[in-house]
Amino acid sequence: MRHSHARPRRYRTLWPPAEGIRVMRTPSRPAYSPERARLAVAVALRDGRIERGPCEVCEAAEGVEAYIANPAQPFALSWRCPTHMPR
Ligand SMILES: [Zn+2]
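As a starting point, this report considers the structure included with it. (Residues numbered from 1 in each chain as written. Predicted model: local features only at pLDDT ≥ 70, side-chain atom pairs only at ≥ 80, totals over all residues. Heavy atoms only, no water.)

**Re the pairing of strand 2 (residues 65–68)**
Okay, step 1: Where strand 1 (residues 21–23) meets strand 2, 3 bridges bridge the pair, whose relative direction is parallel. Residue pairing for strand 2: Val23 is matched across the bridge by Ile68.
Okay, step 2: Where strand 2 and strand 3 (residues 78–80) come together, 3 bridges link them in antiparallel fashion. By the bridge assignment for strand 3, Glu65 is matched with Arg80. (Pairing = 2+ DSSP bridges. Helix = DSSP H or I, 4+ residues; strand = E, 2+ residues; numbered from the N terminus.)

**With respect to the nonpolar core**
Okay, step 1: Formed by 14 residues in total, the largest nonpolar core has its most connected members in Ile21, Val41, Leu45, Ala66, Ile68, Leu77 and Trp79.
Okay, step 2: Secondary-structure elements contributing two or more residues to this core are strand 1, helix 2 (34–47) and strand 2.
Okay, step 3: Among the elements that make up this core, the one with the highest residue count is helix 2 (4 residues).
Okay, step 4: Once you skip the residues sitting within four places of it in the chain, Leu45 turns out to touch Ile21, Ile50, Glu51, Arg52 and Trp79. (Core = buried A, V, L, I, M, F, W, Y, C linked by side-chain atoms within 4.5 Å. Buried < 20%, exposed > 50% of the residue type's maximum accessible area, 1.4 Å probe, protein only. Contact = heavy atoms within 4.5 Å.)

**Notes on the side chain of Ser78**
Okay, step 1: When you line up the elements, Ser78 lands in strand 3.
Okay, step 2: Side-chain polar atoms of Ser78 contact the side chain of Arg80, separated by 3.5 Å.
Okay, step 3: In contact with Ser78, not counting residues within four places along its chain, are Glu56, Glu65, Ala66 and Tyr67. (Polar contact = N/O pair within 3.5 Å; in protein donor to acceptor, adjacent residues only side chain to side chain.)

**A few points about the coordination of the zinc ion**
Okay, step 1: Distances from the zinc ion to its protein donors, Cys55 (SG), Cys58 (SG), Cys81 (SG) and His84 (ND1), fall within 1.9 to 2.3 Å.
Okay, step 2: The site at the zinc ion holds 4 donor atoms, and with the angles between them running 101 to 116°, its shape is tetrahedral.
Okay, step 3: Positions of the donor residues of the zinc ion along the chain correspond to the pattern C-x2-C-x22-C-x2-H. Taken together, the residues span a long stretch of sequence, with Cys58 in the loop between helix 2 and strand 2 and Cys81 in the segment after strand 3 at a distance of 23 residues. (Donors = N, O, S within 2.8 Å, 3.2 Å for Na, K, Ca; no water. Tetrahedral: all angles 85-135°; square planar, octahedral: opposite > 155°, others 65-115°.)

**Re unusual backbone geometry**
Okay, step 1: Notably, Glu59 is not glycine yet its phi reads approximately 70°, a positive angle.
Okay, step 2: Inspection of the secondary structure assignment puts Glu59 in the loop between helix 2 and strand 2.
Okay, step 3: Here Glu59 falls in the exposed class, since its relative accessible area comes to 59%.

**A look at the sheet that holds strand 2**
Okay, step 1: One open sheet holds the 3 strands; their spatial order is 1-2-3, and the pairing between them is mixed. At either margin of the open sheet sits one strand with a lone partner, and together these are strand 1 and strand 3. Ignoring strand direction, the axes of neighbouring strands in this sheet form an average angle of 35°.
Okay, step 2: Packing of helix 2 onto the sheet brings it into contact with strand 1, strand 2 and strand 3, and relative to strand 1 it is tilted by some 150°. (Axes fitted to C-alpha atoms, helices over the stretch in contact; angles between N-to-C directions.)

Here you go:
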């Protein structure tokens, strides 16, 4: 169904959900779009190359998301709880 938000099953492994990954938007480097950075991190999480950690400020484990300050370096990320996620 064209307008369904559900993805075909085969895409689940190819394109993992990039949930819990936030990228600062820096329009100067379109070659490293926030979308590509999020996907790179999502794939690395899926493949076990990186693991989620506690908040790097307060060590909280609840609701921690990846914070990518520079889309050109998606793996220079930090884990932040909702309180310490930069806005
Ligand atoms: Zn925190």
